[in-house]
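# Results of the structural survey
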Amino acid sequence: MEKEFDATKIERYIKGELDEVEKQAFELLIEQDEELAEEVDFYRTSMDAVDVQGAILEAERRLADRGFFAEKKARKGKLITFRALTSAAAVALLLLIGWWYGETHYSDAVLAVVDPGVLAGELETARRLADSGQTTDIFSDGLQALQQEDYHEANQFFAQVDKAAPTYVQALLFLTYSNLRSKNYEAALENSQRIEDLSQDIATVQKAQWLRAKASIGQGVPEKELLAEIADDDNHRFQRDARLILRQLDSYWRKLIP
Amino acid sequence: MRSDKSSDDQLMERLRHRDPHAIEQVYLQSFDRCAKVVLGDGGNKEDAKEVFQEAIFSLIIKLKNPEFAIKSNVGAYLRQSCFNIWVHAKRRARKLQVIDAGLIQMTEETSMDEEKSALEEKYERLYACLRKLTDACQRILDLSYYQKKKDKEIALLMDYTPEFVKNKRRRCMQSLRKYMTA
């Protein structure tokens, strides 16, 4: 049977609450009784462990009162929100870059733009004729507006020339070009078709086809068959351009543009 | 939060004296790092709290030895300690079935285990056994041995008689002893 010890006395001894006489008498007992010594040791370490645990729990209580552990949750929530926002911002930025790239490289407006070099030969001839006074004032005014890239103004002058001389292909070519640059695609389509019908000159017909193809893109209904026809024609001066345009029309980036 | 050597020394001195404010400071500085270890290895918040409690308890007991010193800093020490405690806890729960490459730190843990004194092991067992006691026992022991309240005060707080408090505490200590020798 296990010995029963006086727990209160052990506690008081450990706490230092015994007077000197009691203390000495108790220490004598401890020296003589191994089991009592062991019990005192057990109480001492246990009380000490409870003291350490108590300090930790007190700190935890204070922290909990200040919302420390709840704050962890909130902070984690904020972190998740921050991460989600960062990811969303990154995706949005990528989409924006994609949209911008598509818009500035593959949009109808960009693909419909015509290189002024298309008219280089005609412009030179027209300028020479105008300088020598062999053209009307209106035609000269139209040329001047074209050189100044005032396409609306150019439209009006060349339209007047076209009204006066409907078979004058050169004026019609300038008019179509001005139509395109001023984004009057419907008129550009109609006038380019007229050039193809009127002209016997292959080079002029090819230019008209190219202007028509561009006008169709500007209108939002690309004439892919015409572009394919140009792209397949080894003798067409716009073959390479047509191939490039066809690739751009089927580009992934273009799909990003609403 | 990074702490320099002198502030770490001051902190450890205050921990040695079981200053609850110092313990609070340690929580503020290092709990997150410990929680990351536990949460990142399948544990939950309660696990993290328990593991951190045990790590601080163990540190305070180690500080009883005047020769004990931390090579790095308190934060890093506690993080490692949390890892070791968590691995042990998982082992005990037989959850740790596969030793993977992620447990390379076990080597450090083993070496730490070897350095544990008999006294430290005794306190560790005590810590575990104290947690097995009923809530009433834990409260009576806390009020008596940590808060140093008289039996009369405890009796008022717990709606007992002082005599009952004295007997109850004795029975609680007997239970604790049983757990220790089990």
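Refer to the structure above for everything that follows.
So, here is what we can say about the structure in this document. Predicted model only: the values in this text are computed from it and were never measured. (Residues numbered from 1 in each chain as written. Chains lettered and ligands numbered in written order. Predicted model: local features only at pLDDT ≥ 70, side-chain atom pairs only at ≥ 80, totals over all residues. Heavy atoms only, no water.)

## Examining the overall build of chain A
- Looking only at helices and strands, chain A features 13 helices and 0 strands.
- From first element to last, N terminus to C terminus, chain A shows the α and β order α-α-α-α-α-α-α-α-α-α-α-α-α.
- Once local pairs closer than 6 in sequence are excluded, the contacts in chain A between residues at least 24 apart make up 55%.
- Total accessible area on chain A is roughly 15,000 Å²; 53% of this is exposed by carbon and sulfur atoms. (Helix = DSSP H or I, 4+ residues; strand = E, 2+ residues; numbered from the N terminus. Contact = heavy atoms within 4.5 Å. Areas by Shrake-Rupley, 256 points an atom, 1.4 Å probe, with all protein chains shown as cover.)

## Examining the nonpolar core
- Counting 63 residues, the largest nonpolar core has I23, Y27, F52, I56, L59 and L78 of chain B as the members making the most contacts within it.
- By residue number, the principal contributor to this core is helix α3 (residues 34–65) of chain A, which donates 12 residues.
- In this structure, this core is formed jointly by two domains, domain 1 (5–132) and domain 2 (133–182) of chain B, each of which donates at least three residues.
- The residues touching I56 of chain B, leaving out its near neighbours within four places in the chain, are I56 of chain A together with I23, V26, Y27 and L78 of chain B.
- One finds V169, A171, L175 and A208 of chain A within the second-largest nonpolar core, a separate group that totals 43 residues. (Core = buried A, V, L, I, M, F, W, Y, C linked by side-chain atoms within 4.5 Å. Buried < 20%, exposed > 50% of the residue type's maximum accessible area, 1.4 Å probe, protein only. Domains from an automatic or database assignment.)

## Examining a nonpolar patch on the surface
All names here are of chain A.
- There is a patch of nonpolar side chains on the surface, built from L93, L96, I97, W99 and W100 and spanning about 530 Å² of accessible area.
- With respect to the helices and strands, the residue I97 is situated in helix α4 (residues 68–105).
- When its relative accessible area of 45% is taken as the criterion, I97 is described as partly exposed. (Patch = residues over 30% accessible without salt bridge, like charges linked within 9 Å, V, L, I, M, F, W, Y side chains within 5 Å. Salt bridge = Lys/Arg side-chain N within 4 Å of Asp/Glu carboxyl O.)

## Description of helix α6 (residues 120–131) of chain A
All names here are of chain A.
- For α6, which comprises 12 residues, the first-to-last C-alpha distance of 16 Å matches the rise-based estimate of 16 Å (1.5 Å per residue) to within 8%.
- Buried within α6 are the following residues: E122, L123 and A126. Buried residues of α6 fall within an arc of 95° about the axis and therefore sit on the same side. Along α6, the residues that are exposed and aim more than 90 degrees away from the buried face are R128 and D131.
- Against the buried residues of α6 lie α7 (137–147), α9 (169–181) and α11 (202–218). (Expected span 1.5 Å × (residues − 1). Arc of directions from axis to C-beta.)

## Looking at a negative patch on the surface
All names here are of chain A.
- Together, D137, D141, D150 and E153 line one region of the surface with negative charge.
- Counting through the fold element by element, E153 comes out in helix α8 (residues 151–164).
- With relative accessibility at 33%, the residue E153 sits in the partly exposed group. (Lys, Arg positive; Asp, Glu negative; His and termini not counted. Charge placed at Lys NZ, Arg CZ, Asp CG, Glu CD.)

## Considerations on the packing of helix α3 (residues 45–62) of chain B against helix α4 (residues 74–92) of chain B
All names here are of chain B.
- Running from amino to carboxyl end, α3 crosses α4 at an angle of 120°, the nearest separation of the two axes being 9 Å. Classified by the angle between their axes, α3 and α4 sit oblique to one another. Pair α3 / α4 crosses with right-handed handedness. Residues D47, V51, F52, E54, A55, I56, L59 and K62 of α3 lie in contact with α4, whose contacting residues are V74, Y77, L78, S81, C82, I85 and W86.
- Along the lines of polarity and charge, the residues of the contact of α3 with α4 split into 11 nonpolar, 1 polar and 3 charged. (Axes fitted to C-alpha atoms, helices over the stretch in contact; angles between N-to-C directions. Parallel < 35°, antiparallel > 145°, perpendicular 65-115°, else oblique. Left-handed = near helix turned anticlockwise from the far one by under 90°. Nonpolar A, V, L, I, M, F, W, Y, C, P; charged D, E, K, R; others polar.)

## Considering the state of the cysteines
Residues and elements named next belong to chain B.
- A full pass over the atoms with the stated rule returns 2 disulfides over all chains.
- Each disulfide pairs two cysteine sulfurs, and for C34 the partner residue is C82, the sulfurs being separated by 2.1 Å. Its S-S torsion of approximately -105° makes the covalent link between C34 and C82 left-handed. Pair noted here: C34 is in helix α2 (residues 20–39) and C82 is in helix α4, with a separation of 48 residues, a long-range link. The pair formed by C34 and C82 is uniform in burial state, with each residue classed as buried.
- What pairs with C137 in a disulfide is C172, and their sulfur atoms sit 2.0 Å apart. Note on the C137 and C172 pair: the S-S dihedral is about -85°, so by sign convention the disulfide is left-handed. Within this pair, whereas C137 is found in helix α7 (residues 135–146), its partner C172 is found in helix α9 (residues 162–181), the two being separated by 35 residues in sequence. (Disulfide = S-S within 2.5 Å.)

## A look at the interface of chain B and chain A
- Between chain B and chain A, the contact holds 39 residues from the first and 36 residues from the second.
- Summing both sides of the interface, chain B and chain A together bury roughly 3,500 Å²; the carbon and sulfur share of this comes to 59%.
- Taken together, the links from chain B to chain A amount to 11 salt bridges.
- Counting across the interface, chain B meets chain A through 16 residue pairs in polar contact (both at pLDDT 80 or more). (Buried area = accessible area lost by both parts, 1.4 Å probe. Polar contact = N/O pair within 3.5 Å; in protein donor to acceptor, adjacent residues only side chain to side chain.)

## A closer look at the packing of α3 of chain A against α3 of chain B
- The geometry of α3 of chain A relative to α3 of chain B is characterised by a closest axis approach of 10 Å and an angle of 130° between their N-to-C directions. One way to sum up the angle between α3 of chain A and α3 of chain B is to call them oblique. For the element pair α3 of chain A and α3 of chain B, the recorded crossing hand is right-handed. On the side of α3 of chain A, the interface is formed by A49, V52, Q53, I56, L57 and E60 of chain A, while α3 of chain B contributes K49, Q53, I56, F57, I60 and I61 of chain B.
- Looking at the contact of α3 of chain A with α3 of chain B residue by residue, the classes come out as 8 nonpolar, 2 polar and 2 charged.

## Regarding unusual backbone geometry
- Of note, the phi angle at E149 of chain A is positive, near 60°, even though the residue is not glycine.
- The residue E149 of chain A is located in the loop between α7 and α8 in this model.
- Even without being glycine, K148 of chain B reaches a positive phi, approximately 55°.
- Following the sequence through the fold, K148 of chain B ends up in the loop between α7 and α8 (151–158).
- The exposure class of K148 of chain B is exposed, given its relative accessible area of 51%.

## A look at the packing of aromatic side chains
Residues and elements named next belong to chain A.
- Taken as a whole and judged by the stated rule, the model has 20 aromatic pairs over all chains.
- When the centroid spacing of 6.1 Å and the interplanar angle of 75° are considered together, the rings of Y151 and Y177 count as edge-to-face. Of the two residues, Y151 sits in helix α8 while Y177 sits in helix α9, which places them 26 residues apart along the sequence.
- Residue classification places Y151 among the buried positions, given a relative accessible area of 11%.
- Take Y177: its relative accessible area is 3%, and that puts it in the buried class. (Phe/Tyr/Trp six-rings, centres within 6.5 Å; stacked < 30°, edge-to-face > 60°.)

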